[in-house]
Amino acid sequence: MSSNSLTSAGASGRTGDKVFSGFALGAGALILLVLFSVATFLVVQAAPTFVANPSEVAGGEGFWKYILPLVLGTVIAAAIALLIATPVSVGVALFISHFAPRRLAQGFGYIIDLLAAIPSVVYGAWGVAFLAPAMAPGYQWLADNAGWFPLFAGPASATGKTILTAGIVLAVMVIPIVTSLSREIFLQTPKLHEEAALALGATRWEMIRMAVFPFGRPGVVSAIMLGLGRALGETMAVALVLSSGPLIASLIRSGNQTIAAEIALNFPEATGLSLSTLIAAGLVLFVITLAVNMLARWIVGRHKEFSGAN
Amino acid sequence: MSKRIDVKDLNVYYGKFLAVEGVNINIDARSVTAFIGPSGCGKSTFLRTLNRMHEVLPGARVEGEVLLDGDNLYAQGVDPVTVRSQIGMVFQRPNPFPTMSIRDNVLAGVKLNNRRISKSDADALVEKSLQGANLWNEVKDRLNKPGSGLSGGQQQRLCIARAIAVQPDVILMDEPCSALDPISTLAVEDLINELKENYTVVIVTHNMQQAARVSDKTAFFNIAGAGKPGKLIEYADTQTIFSNPSVKATEDYVSGRFG
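Only a predicted model underlies this, so the values are computations on that prediction, with no experimental measurement involved.

### Focus on the packing of helix α4 (residues 102-116) of chain A against helix α6 (residues 163-187) of chain A
Residues and elements named next belong to chain A.
Point 1. Where α4 meets α6, the closest approach of the two axes is 8 Å, and the angle between their N-to-C directions is 140°. Relative to α6, the element α4 lies oblique. Helix-helix and strand crossings are classified by hand; for α4 and α6 the assignment is left-handed. In this structure, α4 uses Gly-109, Ile-112, Asp-113, Leu-115 and Ala-116 to contact α6, whose residues at the interface are Pro-176, Thr-179, Ser-180 and Arg-183.

The following block contains the structure:
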């Protein structure tokens, strides 16, 4: 009998391999399972709302009439947050990665990471107790001087509890996440590319534009999307800060509401159809987040040929 | 265009560590000068001080003078950005900007410092630079494709085109062929021979045959031991260094007895 020595040898060392690959597969499958269960739960629970008589749904004019202002309110708050947070975060990340002296940079990075760990209710409390009153005179000034512009139409909120304040609070919450991730990306810029730019006679800022930004772009977009996820889904801070009301264009009046805050505020008393309506609102938020993430992937993937991956 | 370099009593430090000590060397304009020596002898470090690229590392500093046609690179008020735009550099590994097209890579240095260039001038410059780097015929039909799609040797020549597009006085090359195959190496060596008609070229190489093939003069650097500073041992015509060196260590090195 001729036995092949290659077939029998080494099989005992493979157990670890099998365990690990099974574990990795299980972890991957679990994520899909959780996502699928959440989606199923939302769809099943929300279904009664879509088939109900429009006059019985909150607001009395059907679900879509009810949800549209909330969707817009959510998008407005998140957009304000990102408009503020993106430039600040990229600036801070660049400062830490390329401008600050090394010792200062380390301490700075640590503080940023700490900011990310503060619970959202604390941000909310800060927003309502400090930021809103502090912003109120500013809103009054905007209403007096820029009131002709629809976004700053008066009368300004006297308490400062407006969608703009909520957006600013969200920005402060998003900044640590985006900064932290952007800094990691910027630090990974290949030395080779940075030196290529410098050796051509680039200033530090030109080097950043030629080497650091192109390399970091996909990562920064991902970081912003993670931040957007937090801004879209943030519940507690918005519920505390915003004095909600119907959809209005002005950012400095009381009014507007976000989906997440609406759910949180109404959930305790909701039963039957109203509960189902809130869950349907959650489903809409889920879909928005999904759509935004796909959009981001598309943006990142558009220039694949030039990504440097080849 | 091309300028000479005179180095006087140059010491290079990383923090408190003296990396290169007491270098005096005169490099002629329109010539190729090779730096050879064992690993860690400070030849790359010294090369980088010739366009102040060593300053990229925190704590790096020099004592002494580097004169570019008589102007000290380290005089008060000299901006390293200006120095680097006049003394170009090609690196060990080809490093075209991955997100830029071949054309944009060539123009990368030209567009710096808010300089504007008309499209026709840019086209002419791209063609001239790529011709100058012996790359034009290979890439003229795909100037808008990414530079990272080229082969290693083509990428390195693209980097050379990028360096000569800004019309520097001097081109420094830090082991430009060490990541290339023999055919590409030959292409780059041919190019170096042509470049010396217009530029002062300084090349660091580990390959002694390469130094013998391309350079007019050769400088041999050596290090007495780990933790000791690198020194310039001997500097002479390439012919002399390889056939009749005056220092024993040089002879041992070029004949392959150590290093």
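Text resumes after the structure shown.
### Looking at the nonpolar core
When a protein is soluble and globular, its nonpolar side chains tend to lie buried together.
Point 1. Among the nonpolar cores identified, the biggest contains 112 residues, and Ile-259 of chain A together with Phe-35 of chain B are the most heavily contacted of them.
Point 2. The element best represented in this core is helix α3 (residues 63-99) of chain A, accounting for 14 residues.
Point 3. Setting aside residues no more than four positions away along its own chain, Ile-259 of chain A makes contact with Ile-67, Leu-70, Val-71, Thr-74, Ala-281, Gly-282, Val-284, Leu-285 and Ile-288 of chain A.
Point 4. Membership of the second largest hydrophobic core comes to 44 residues, among which are Val-90, Leu-107, Ala-161 and Ile-203 of chain B.

### Things to note about unusual backbone geometry
Point 1. Even without being a glycine, Asn-256 of chain A presents a positive backbone phi close to 70°.
Point 2. The residue Asp-69 of chain B is not glycine, and still its phi comes out positive at about 50°.
Point 3. Tracing the backbone through its elements, the reader meets Asp-69 of chain B in the loop between β4 (60-68) and β5 (71-72).

### Some remarks on the pairing of strand β1 (residues 5-14) of chain B
Residues and elements named next belong to chain B.
Point 1. Within β1, 7 of the 10 residues are buried, which leaves the element mostly enclosed by the surrounding structure.
Point 2. Pairing geometry for β1 and strand β2 (residues 17-27), over 7 bridges, is antiparallel. Looking across to β2, one finds that Ile-5 is bridged to Ile-27.
Point 3. Where β1 hands over to β2, the hairpin turn is made up of 2 residues, of which Gly-15 adopts a positive phi near 60°.
Point 4. Taken together, the 8 bridges between β1 and β4 define a ladder with antiparallel strand orientation. Bridged to Val-12 within β4 is Val-62.

### Focus on the interface of chain B and chain A
Point 1. With 31 residues of chain B in contact, the opposing surface of chain A contributes 20 residues.
Point 2. Roughly 2,300 Å² of surface becomes buried between chain B and chain A when both sides are summed, with 66% attributable to carbon and sulfur atoms.
Point 3. When the area that chain B buries against chain A is broken down by residue, the three leading residues are Phe-97, Thr-99 and Leu-112 of chain B, summing to 25%.
Point 4. If you look at where chain B meets chain A, you find 1 salt bridge.
Point 5. Arg-48 of chain B is the partner of Glu-195 of chain A in a salt bridge, and the nearest nitrogen-oxygen pair spans 2.6 Å.
Point 6. Between the two partners, chain B and chain A, sit 2 residue pairs in polar contact (both at pLDDT 80 or more).

The rules behind the values
Residues numbered from 1 in each chain as written. Chains lettered and ligands numbered in written order. Predicted model: local features only at pLDDT ≥ 70, side-chain atom pairs only at ≥ 80, totals over all residues. Heavy atoms only, no water. Axes fitted to C-alpha atoms, helices over the stretch in contact; angles between N-to-C directions. Helix = DSSP H or I, 4+ residues; strand = E, 2+ residues; numbered from the N terminus. Parallel < 35°, antiparallel > 145°, perpendicular 65-115°, else oblique. Left-handed = near helix turned anticlockwise from the far one by under 90°. Contact = heavy atoms within 4.5 Å. Core = buried A, V, L, I, M, F, W, Y, C linked by side-chain atoms within 4.5 Å. Buried < 20%, exposed > 50% of the residue type's maximum accessible area, 1.4 Å probe, protein only. Pairing = 2+ DSSP bridges. Buried area = accessible area lost by both parts, 1.4 Å probe. Salt bridge = Lys/Arg side-chain N within 4 Å of Asp/Glu carboxyl O. Polar contact = N/O pair within 3.5 Å; in protein donor to acceptor, adjacent residues only side chain to side chain.

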